[in-house]
Amino acid sequence: MLIRIRKPSDCATSEITPKATFLNRRRFIATAAAGAIAPMLAPAAAWARGKALPGVVKGPFNTDEKQTPYDLATTYNNFYEFGTSKGDPAKMSGDFIPKPWSVTVEGEVGKPGTYDFDDLIKPHMLEERIYRMRCVEAWSMVIPWTGIPLADVIKRLEPTSKAKYVAFETLYDKERMPGQGYAVLDWPYVEGLRMDEAMNPLALLAVGLYGEEMPNQNGAPIRLVVPWKYGFKSIKSIVKIRLQETMPPTSWNKAAPREYGFYSNVNPEVNHPRWSQAKERRIDTKTSGISALFLPKQPTLMFNGYADEVAQMYTGMDMTENY
Ligand SMILES: Nc1nc2c(c(=O)[nH]1)N[C@H]1C(S)=C(S)[C@@H](COP(=O)(O)O)O[C@H]1N2
Ligand SMILES: [Mo]
């Protein structure tokens, strides 16, 4: 989103690094401590992958489009807490230890408090949702997420009648998130949804991808997935959920209000002030050394193809005004 002038060396996919170069140090230590030295000599891919999440059932709304290869979905990321280049989050988040983790719930709820990750997310609730994801920067992916509907969590918290919006906040810890040492955004990263959007069955609280625990660079241990909105609405590494009466501030809206609105619904007809949103590049080929800028473009769909599920929430709303 921080659009820089590209140098030839700056090609997006050239930042894709082999797994071995961003090995998770925590796993390395764990493996060594267990005295299991042999696996360390095995090919990196065999042991750098996340822990499998057991008992995940197939959820609704799955696309059958070709899934983005795991290596691309985990090395071509936006997560400014770990750097502003697409390759930074994978390279810089290896030391981040996402558990234990808790989420503080505040505001217009009958059950406020600080919830441990394991109380919020029970393994038997997990489902897989294969969603299209569309970044505001006009690239897209298809990712199989593992998570639970956000609506399930919100219902359990017993929202009051005054709860009109849900505000989310990412962890703020400069020691653990080195990118927060740079004033590229007003930290912590914050996002928000209108109550009906949060309760829409498509909205997911994701704890994994490709059947495995969430990699750090994708927002470990818990993040939002809102597939009909531009990627930045899908806030990562959430530590706070607040239900409230007023529309909450959002990080990108604060940074550039003319460019990023509260709604940020994927809409090929409403262009970003600096570029068209009519088309997108599907990041789906491992083209090391070749810029993603050369991938062919495909049309972007209204609400990212989820109009049947979400369009009714916006009837009567001017989508150009409420971008
Ligand atoms: N906390 C936080 N959440 C974030 C971001 C970020 O910089 N910080 N980037 C957003 C953007 S712009 C996108 S496109 C998606 C990317 O998610 P992915 O890396 O899992 O594909 O995360 C979103 N969530
Ligand atoms: Mo994005």
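Caption draft 1: Looking closely at the packing of aromatic side chains. A complete count under the given rule lists 13 aromatic pairs for this structure. Here tyrosine 76 and tryptophan 139 contribute two aromatic rings whose centre-to-centre distance is 5.0 Å and whose plane-to-plane angle is 80°, an arrangement assigned as edge-to-face. Taken together, the residues tyrosine 76 in the loop between helix H4 (70-73) and helix H5 (88-92) and tryptophan 139 in strand S5 (residues 139-149) connect sequence positions 63 residues apart. Each member of the pair, tyrosine 76 as well as tryptophan 139, carries the same accessibility label: buried. Between phenylalanine 82 and phenylalanine 96, the aromatic rings sit 5.7 Å apart at their centres with planes inclined by 75°, giving edge-to-face as the arrangement. You can see phenylalanine 82 sitting in the loop between H4 and H5 and its partner phenylalanine 96 sitting in the loop between H5 and strand S2 (102-107), a full 14 residues away along the chain. One aromatic cluster in this structure is built from Tyr165, Phe262, Tyr263, Phe303 and Tyr314.

Caption draft 2: Up close: empty space enclosed by the protein. This structure, assessed with the given rule, holds one cavity of 30 Å³ or more. One number sums up the size of the largest cavity: a volume of about 420 Å³. Along the wall of the largest cavity there are 27 residues; nearest its centre are Asn78, Trp139, Arg223, Gly231 and Lys236. Secondary-structure elements contributing two or more residues to the lining of the largest cavity are strand S4 (127-134) and S5. The element contributing the most residues to the lining of the largest cavity is S5, with four residues. Split into classes, the residues belonging to the lining of the largest cavity amount to 17 nonpolar, six polar and four charged.

Caption draft 3: Summary view of the site of ligand 1. Taken together, 16 residues surround ligand 1, and among them Asn77, Tyr80, Glu81, Arg223 and Lys236 come closest. Within the contact set of ligand 1, a nitrogen atom lies 2.9 Å away from a side-chain nitrogen or oxygen of threonine 170. Contacts to ligand 1 include lysine 236, whose side-chain N or O atom sits 2.7 Å from an oxygen atom. A molecule is said to occupy a pocket when more than half its atoms come within 2 Å of that pocket's grid points, and by this definition ligand 1 occupies the largest cavity. Class assignment of the residues belonging to the shell around ligand 1 gives a composition of seven nonpolar, six polar and three charged.

Each value, and the rule that gives it
- Residue numbers run consecutively from 1 along every chain, following the written order of its sequence.
- Both sets of labels track the order of writing: A upward for chains, 1 upward for ligands.
- This being a predicted model, a pLDDT of at least 70 is required before a residue's local features are given, and a value of 80 or more before pairs of side-chain atoms are given or counted; all residues contribute to the totals for chains, interfaces and linings.
- Side-chain metrics rest on all non-hydrogen atoms present in the structure, leaving aside hydrogens and water.
- Pairing of aromatic rings covers Phe, Tyr and Trp, the last counted by its six-membered ring, and requires centre-to-centre distances within 6.5 Å; plane angles under 30 degrees mean stacked, over 60 mean edge-to-face, and any other angle means tilted.
- Numbered from the N terminus, helices here are DSSP runs of H or I no shorter than four residues, and strands are runs of E no shorter than two.
- Only protein chains enter the accessibility calculation, which uses a 1.4 Å probe. A residue is then buried if its area is under 20% of the maximum for its type, exposed if over 50%, and partly exposed in between.
- Here the term cavity refers to a set of points on a 1 Å grid, laid over the protein atoms alone, in which a 1.4 Å probe fits but cannot get out; the term pocket refers to an open set having protein on both sides within 12 Å along at least five of seven lines, with lining residues being those that place an atom within 4 Å of a point.
- Grid points are joined across faces, edges and corners, and a volume is the space filled by probe spheres set on the points.
- Asp, Glu, Lys and Arg are counted as charged, while Ala, Val, Leu, Ile, Met, Phe, Trp, Tyr, Cys and Pro are counted as nonpolar; the rest, among them Gly, fall into the polar class.
- Being near a molecule or strand, for a residue, comes down to having at least one heavy atom within 4 Å of it.
- Residues adjacent in sequence count toward polar contacts only when both atoms are side-chain atoms; beyond that, a polar contact is any pair of N or O atoms within 3.5 Å, and within protein one must be able to donate a hydrogen and the other to accept it.
- For this analysis, a molecule is said to be in a pocket or cavity if more than half of its atoms are within 2 Å of the grid points defining it.

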